[in-house]
Every structure is written in C-alpha cells, then in structure tokens.
Amino acid sequence: MSDEKRTMTLNLTPREMAVLEELAAAKDLSKTGVMKLALRLLQAVDAKVRLGQKFLFEDEKTKEKSELIMV
Amino acid sequence: MNTSVGYLKRDDTREMVEASLLDEVSDSHLSMWEASWSPAMQSFCAGRPLADRPQDHHWDWRRKAEGLLPLLGYHSFALLCQNELQGLMLINDLKSARLASQFGKPLAYVEFLATAPWNRPEMHQRPRYRGVGTVMVGAVVELSFELGYSGRVGLHALPAAEHFYRDTCKMTELGKDAAHQNLMYFEMTENQAEAFRQRP
C-alpha cells in the first residue's frame, strides 16, 4: 500500500453523523475506517454491477432473495 | 509498493534466510509465476489423477490478480527469496466475521494463499524453503491491524492446510462451509492475532 495520503473535509448532517458513529461502534472501527470501508465496498459492488451482475441479499432461513438496486 | 523482511528456513542446511515480502503482486511477479511456478506445477500434475494433484493446481494467479487487484478492497502479497518467487497471497477486506465474539465486524479474508511448488513436501522430497505460510499469515495479521480490524482474519482452508491453520496459527475452526465447497472455515480473533505476533 502506498504511504501517500490526501486529506479531505467531510461535512455530515447530525443524522448522518449518528449513523456513522453507530456503525463505527458496531464494526469496531474508527469513523474514518467506516468511510474507507464504505468506499471499498461501493467500488467492489459497482464493479460487479458494471459487469451486469445483480446485488442480492438472501434470507438464510426462507431463502427469499431481495435485490439492492445500485445507482 | 512496500517491502518488508521475512525469514524462511532452508530445508537442506536448516539455516534461516532473509526473504522479501512485497505488499503488491506486480506484473514481474506474475511473469515469474508463469516462467517457473506454473510449469513446475504442470510438470508435477502431468499424468497424475485429479485426486493426486495439489488442490490449488488450477489456480491461475494472473487471472486472479488482473481481475481483482484494481479494486481497493483487495490486497496482494508476493514473497521472494534468492530472486525466486516463494509464495503468493490475495486478500479481501470486505467480509465480516462469523465467530460469535466478533460477529459482524470486518476482517481480512484470505482468498488465496499458496507456496511455490518447490517448497512443498508433498511435491518434493527436499523442499527448498519452509515457513512461507507463516510469513504470509503474519502479513495478513499486520494488514488487519493496519486496516483497523484489530487482527481479525478469516479463511477457508484446503484440506491439506487445515492442520497448519489449526495447530500452527491457532485459529478457531468454525466447521465446514457448505456454501464454499465444504471447506473448513477458520477465524483469528484479536487475542489470537496478538499471540501469533508474539510467537518465537
């Protein structure tokens, strides 16, 4: 991994910040860690969607599938 | 690309030798895989029934690297010693833990880890180097800490490697995974990662 870092400022609404803090606690990550994970996840999902694949969730018990539409 | 030092044991002299661990598989590493590793694997497999071939004999590292490495969520490592490729590893940092004590938290998941054919006791009576797997597991543990994942690591083990993750790495075995070719699934917790870091 490259050591070079660039800094940005992120302005969040109180509601967005509350969600970020909740996710950081649940995932045992810093708030920066959550934002970076979200970026990596979105890129991975977007790459699959660009290949024509669907983003699906499956209920382990009922096996019911639901599709998440990516914009 | 960053390089760190790892140590492998020469099987013939039992001496420890320095190896270079690179945190990015480059085109030159893939060329080394094509020039020496892949032909050695093909030569060993020629004429052998499928059941007698190494379980990773079909892994195409160029295809894996080219498809996944442009993504931020994937990381790769190459281990070199004496100007030869000794091991390759591909990691995905987008999965979450299954073990109850760390359920839902992100972990570094080892997608693929392999040692070069000339280092495998099942392929050569006198393997060249031992310890590739240990260096690679050390690398994924450090990556997990760097990512803020507290050393959490997960992987599915090929049957021949199960004992290594269970007995050497002291990872927790969570049973065979029907959704993943029935391979055994292992996880490393923060405490296990710290213990792995401090092992002699």
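Rules used throughout
Residues numbered from 1 in each chain as written. Chains lettered and ligands numbered in written order. Predicted model: local features only at pLDDT ≥ 70, side-chain atom pairs only at ≥ 80, totals over all residues. Helix = DSSP H or I, 4+ residues; strand = E, 2+ residues; numbered from the N terminus. Rg over C-alpha atoms; globule rule 2.2 N^0.38 Å. Contact = placed C-beta atoms within 7 Å. Buried ≥ 20, exposed ≤ 12 C-beta atoms within 10 Å, placed from the backbone. Expected span 1.5 Å × (residues − 1). Axes fitted to C-alpha atoms, helices over the stretch in contact; angles between N-to-C directions. Parallel < 35°, antiparallel > 145°, perpendicular 65-115°, else oblique. Left-handed = near helix turned anticlockwise from the far one by under 90°. Nonpolar A, V, L, I, M, F, W, Y, C, P; charged D, E, K, R; others polar.

Draft legend 1. Looking closely at the overall build of chain A. Summing up its helical and strand segments, chain A has two helices and two strands in all. In terms of overall size, chain A is more extended than a compact globule, its C-alpha atoms giving a radius of gyration of 16 Å where 71 residues would be expected to give roughly 11 Å. Projected onto its principal axes, the C-alpha positions of chain A cover 40 × 25 × 25 Å.

Draft legend 2. Quick peek at the interface of chain A and chain B. Taken together, the contact between chain A and chain B spans 14 residues of the former and 12 residues of the latter. Sorting the residues of the side of chain A that touches chain B by element identifies α1 (14-27) and α2 (31-50) of chain A as the ones contributing at least two each. For the side of chain A that touches chain B, the element with the highest residue contribution is α2(A), accounting for eight residues.

Draft legend 3. Up close: unusual backbone geometry. Residue and element names in this part refer to chain B. The backbone of serine 150 shows a phi angle near 55 degrees, a positive value even though the residue is not glycine. Relative to the elements of secondary structure, serine 150 occurs in the loop between α3 (132-146) and β7 (153-157). Phi angles above zero are rare outside glycine, and asparagine 182 is one such case at about 60 degrees. Along the chain, asparagine 182 turns up in the loop between β8 (172-177) and β9 (183-188). On the basis of neighbour count, asparagine 182 is assigned to the exposed category, with 11 C-beta atoms found within 10 Å.

Draft legend 4. Geometry of the environment of B:Cys169. Residues and elements named next belong to chain B. Locating cysteine 169 in the fold gives a position in the loop between α4 (162-168) and β8. Classification of cysteine 169 as buried rests on a count of 23 C-beta atoms within 10 Å. For the pair cysteine 169 and glutamine 192, spaced 23 residues apart in the sequence, the C-alpha separation amounts to 8.2 Å. Here cysteine 169 is in contact with Val137, Phe164, Met188 and Phe196, once residues within four sequence places are set aside.

Draft legend 5. Representation of the environment of B:Lys170. Residues and elements named next belong to chain B. If you trace the backbone, lysine 170 turns up in the loop between α4 and β8. Here lysine 170 falls in the partly exposed class, since 16 other C-beta atoms lie within 10 Å of it. Residues in contact with lysine 170, not counting those within four places in the same chain, are Gln192, Ala195 and Phe196.

Draft legend 6. Examining α1(A) more closely. All names here are of chain A. In this model α1 runs 20 Å from its N-terminal to its C-terminal C-alpha over 14 residues, within 8% of the 20 Å that 1.5 Å per residue would give. Counting buried positions over the 14 residues of α1 gives zero, only a small fraction of the element. A positive phi of about 60 degrees marks aspartate 28, the residue just after α1.

Draft legend 7. Molecular detail of the packing of α3(B) against helix α5 (residues 190-198) of chain B. Residue and element names in this part refer to chain B. Two elements in contact, α3 and α5, have axes whose closest approach is 10 Å; the angle formed by their N-to-C orientations is 130 degrees. Classified by the angle their axes make, α3 and α5 are oblique. α5 is crossed by α3, and the crossing has left-handed handedness. For the pair α3 and α5, contact is made by Val137, Val141 and Ser144 and by Ala193, Phe196 and Arg197, respectively. For the contact of α3 with α5, the residue count by class is four nonpolar, one polar and one charged.

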